[in-house]
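Remarks on the overall topology
Next come the chains, spelled out residue by residue.
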Amino acid sequence: FYRLTASVEYDQVGPTGELKHGTLGEENYTLKANTYGKLLTVTREDIINDDLGAITEAPRKLGIGAIQKFNKIFWTIFLANSSHFTAARKNYLTGTGSTLSHAGFKAALAAFRKIKSGDGGPTGIQPKIVLVPTALEADASEYYLSGNVVSGNTTKGPDTNIWRGKFEPVVSSFLDDTDFTGNSALAWYLLGDPSVAAAIDVAFLNGQENPTIESAEADFNVLGVQLRGYHDFGANLSEWRAGVKS
């Protein structure tokens, strides 16, 4: 994938009427779809004794297998983001004030607004989603739904939850799943609208988002039916300007 960058801010035209040249450049990243699949055999005995609905259930199971593999690939890649969200890029916050809280939201939003585009100006990307692990689901929902914030602090301040309805909470159990490298129960992400700029992209061969499930008679030496499912997809981290990790 190639993303065009440009330095095209207008200069004042002098008395001679001469226009100054701008410059064009590019950024790029790669994304490849691989093939994943599985084969199942429903035996003749299974077909005859189909009390558990093996014939109708097997294709659905193959479909679930495709979802499982897709999620595993997607979140493994997303969580390997230590070079995607960095302090140098100013889209990674840590330490005091970076947890999912009022102060954390303020810091993340400020960092998001300050991220520069390829030509050095504001990106124009608007934050839309707060992505959280299951451990932070209730906190994210409270900030999204509550009209007021109750605090024991005696210092005067506003009594309105300014984050209400602002960033849609999206929860993923993969973010704090200990089977995945990079998991965290504390890390959360403020992400832009993925239709404008996405922190991670997915590719499907020929736009086929659903797996292909096929059936045929089993090999001659096997009494039964064989089913196979396959799916072509890939994922990769893409626009680092599209989010802030805290």
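Above this text you will find the structure in question.
Here's what I pulled together on the structure shown here.

What counts and how
- Residues numbered from 1 in each chain as written.
- Predicted model: local features only at pLDDT ≥ 70, side-chain atom pairs only at ≥ 80, totals over all residues.
- Heavy atoms only, no water.
- Salt bridge = Lys/Arg side-chain N within 4 Å of Asp/Glu carboxyl O.
- Helix = DSSP H or I, 4+ residues; strand = E, 2+ residues; numbered from the N terminus.
- Buried < 20%, exposed > 50% of the residue type's maximum accessible area, 1.4 Å probe, protein only.
- Phe/Tyr/Trp six-rings, centres within 6.5 Å; stacked < 30°, edge-to-face > 60°.
- Pairing = 2+ DSSP bridges.

To continue, consider the pattern of salt bridges. Enumeration according to the criterion identifies five salt bridges in this entry. The shortest N-O distance in the salt bridge between Arg 60 and Glu 57 comes to 2.6 Å. Placement of the pair is Arg 60 and Glu 57 together in helix α2 (residues 54-79), with a separation of three residues, close to one helical turn. Residue Arg 241 is joined to Glu 239 by a salt bridge in which the shortest nitrogen-to-oxygen separation is 3.3 Å. The residues Arg 241 and Glu 239 share a single accessibility class, namely buried.

All chains considered together, the criterion is met by 15 aromatic pairs. Between Phe 105 and Trp 188 the ring centres are 5.3 Å apart and the planes differ by 65°, which places this aromatic pair in the edge-to-face class. Separated by 83 residues along the polypeptide, Phe 105 in helix α3 (residues 102-114) and Trp 188 in the loop between β5 (168-171) and β6 (189-192) bring together distant segments of the chain. Clustering of aromatic rings is evident, with ring pairs tying together Tyr 36, Phe 70, Phe 74, Trp 75, Phe 78, Phe 85, Phe 174, Phe 180, Tyr 189, Phe 204 and Phe 233.

The next subject is the pairing of β6. The alternating pattern of β6 places Tyr 189 and Leu 191 and Leu 190 and Gly 192 on opposite faces, both of which are buried. With four bridges connecting them, strand β4 (residues 127-132) and β6 associate as antiparallel partners. Looking at β6, one finds that Pro 127 is bridged to Gly 192. Pairing between β6 and strand β10 (residues 243-245): three bridges, direction antiparallel. Bridge pairing in β10 places Leu 190 opposite Val 244.

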